[in-house]
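# Fold and contact review
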Amino acid sequence: MDYSGFRDIVVSVEDRVATFRLNRPETLNSFGPDSWDELLALARMLNEDDEVRAVVCAPEGRGFSSGAYVGEQGTPDPSTAPRFADRTHRMGNAAIGLAMPSIDKPTIAAIDGVAAGAGMAFACSFDIRILGPGARFTTVFVRRALGPDCGLTWFLPRLVGPGLAAELLFSGREVGAEEALRIGLGNRLVDDPRGEAHSLARELAQAPPLSILWSKRELRESDRHSLSEQIEFEWVVARHFRGTRDVEEGRRSFREKRAPRFTGE
């Protein structure tokens, strides 16, 4: 699949791992006027690309993403306002909170800079977050007299709990890498988050695609199911695996004491 048509995003694919980054380091990788629609389009492409089995976001520079771009004096840039003719979703720009969760493949964020506002929401939307020493998070909205968006009020309490989520949203205080790991904003804290993210992505890219796909969907559904409903859902999903070649490959490779070769069939 051709990923060369983006303005704000750079994408590469190697070893079944797609790596992308926001290419706006001069503004700490803020979301510009084209970024919102491009991220939604990228998510659709990655989900449909059978050559991609894992996704890594690894921005460069001092920012993972500083969120929506504001001008030099701290006022919103008019060019970032949603353009009616260009809107592709009824949620407007905030729909980027759906981008990564819509991909039925593992998504990993390598964070070694600031993730603020919508950028923090975007970071929280990944399945896994690998933190570097420079990782910093801030909800920031209250400092701008704004309300949180892009799904942050959904992601944050599920990661850190409702009480701490309220504190972070009400105060807008900054959370450093060590605290972020401790409270659940990150999975790991390492010196080289990009290298760690790619190593993990390559490992997950070898996993059976259907198992990953349904595991991710089951996790998404678990919040709105009772325990008995979730067990029933798991049982229904389990039928999708019956008779698949990957299940047989898993058994055969175990018997033959070799690494499995999963194809998604």
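Rules used throughout
- Residues numbered from 1 in each chain as written.
- Predicted model: local features only at pLDDT ≥ 70, side-chain atom pairs only at ≥ 80, totals over all residues.
- Heavy atoms only, no water.
- Pairing = 2+ DSSP bridges.
- Helix = DSSP H or I, 4+ residues; strand = E, 2+ residues; numbered from the N terminus.
- Core = buried A, V, L, I, M, F, W, Y, C linked by side-chain atoms within 4.5 Å.
- Buried < 20%, exposed > 50% of the residue type's maximum accessible area, 1.4 Å probe, protein only.
- Salt bridge = Lys/Arg side-chain N within 4 Å of Asp/Glu carboxyl O.
- Arc of directions from axis to C-beta.
- Contact = heavy atoms within 4.5 Å.
- Right-handed = clockwise from strand over helix to strand, strands pointing away.

### Examining the sheet that holds strand E9 (residues 175-176)
Strand order in the open sheet formed by 4 strands is E4-E6-E8-E9, and the pairing between neighbours is mixed. Of all strands in the sheet, those with a lone pairing partner are strand E4 (63-65) and E9, marking the two edges. Where strand E8 (residues 136-138) lies against E9, 2 bridges are found, and the strand directions are antiparallel. Directly across from Phe137, in E9, lies its bridge partner Val175.

### Describing the nonpolar core
Considering soluble globular proteins, one finds that nonpolar side chains tend to be buried as a cluster. If you look at the biggest cluster of nonpolar residues, it comprises 52 residues, and the most contacted ones within it are Phe20, Phe64, Phe122, Phe137, Leu156 and Leu185. Considering each element in turn, this core owes the most residues, 7 residues, to helix H1 (residues 35-48). The next biggest cluster of nonpolar side chains, apart from the first, holds 14 residues, and it includes Val17, Val56, Ile130 and Leu204.

### Looking at the sheet that holds strand E3 (residues 54-57)
In any sheet, the strands associate via hydrogen bonds between backbone groups, in a parallel or an antiparallel arrangement. Within the open sheet, the 6 strands sit side by side as E1-E2-E3-E5-E7-E10. Their pairing is mixed. The open sheet has two free edges, formed respectively by strand E1 (9-14) and strand E10 (188-189), since each of these has just one partner strand.

### So, the pattern of salt bridges
By the definition in use, this model includes 11 salt bridges. Asp127 serves as the salt-bridge partner of Lys216, at 3.0 Å between the closest nitrogen and oxygen. With Lys216 in helix H7 (residues 209-222) and Asp127 in the loop between helix H2 (118-124) and strand E7 (128-131), this residue pair connects regions lying 89 residues apart in the sequence. Assessed through its relative accessible area of 34%, Asp127 is described here as partly exposed. Each of the salt bridges in this network shares a partner with another, and the network as a whole consists of Asp104, Arg217 and Arg220.

### Some details on helix H3 (residues 152-160)
Owing to its 3.6 residues per turn, the α-helix brings residues three or four apart onto one side. Of the positions making up H3, those classed as buried are Leu152, Phe155, Leu156 and Val160. Viewed along the axis of H3, the buried residues span an arc of 95 degrees, placing them on a single side of the element. On the buried face of H3, the contacting elements are H2, helix H4 (162-171) and helix H5 (177-183). Of the residues flanking the end of H3, it is Gly161, one or two places downstream, whose phi is positive at about 95 degrees.

### Regarding the pairing of E3
Residues Ala54 and Val56 point to one face of E3 and Val55 and Cys57 to the other, with burial holding for every one of them. Note: strand E2 (residues 17-22) against E3, 4 bridges, orientation parallel. Across the sheet, the residue bridging to Phe20 is Cys57, located in E3. A crossover connection joins E2 to the parallel E3 through H1; in handedness this β-α-β unit is right-handed. With 3 bridges joining them, E3 and strand E5 (residues 107-111) adopt parallel strand pairing. Paired with Val56 across the strands is Ile108, a residue of E5.

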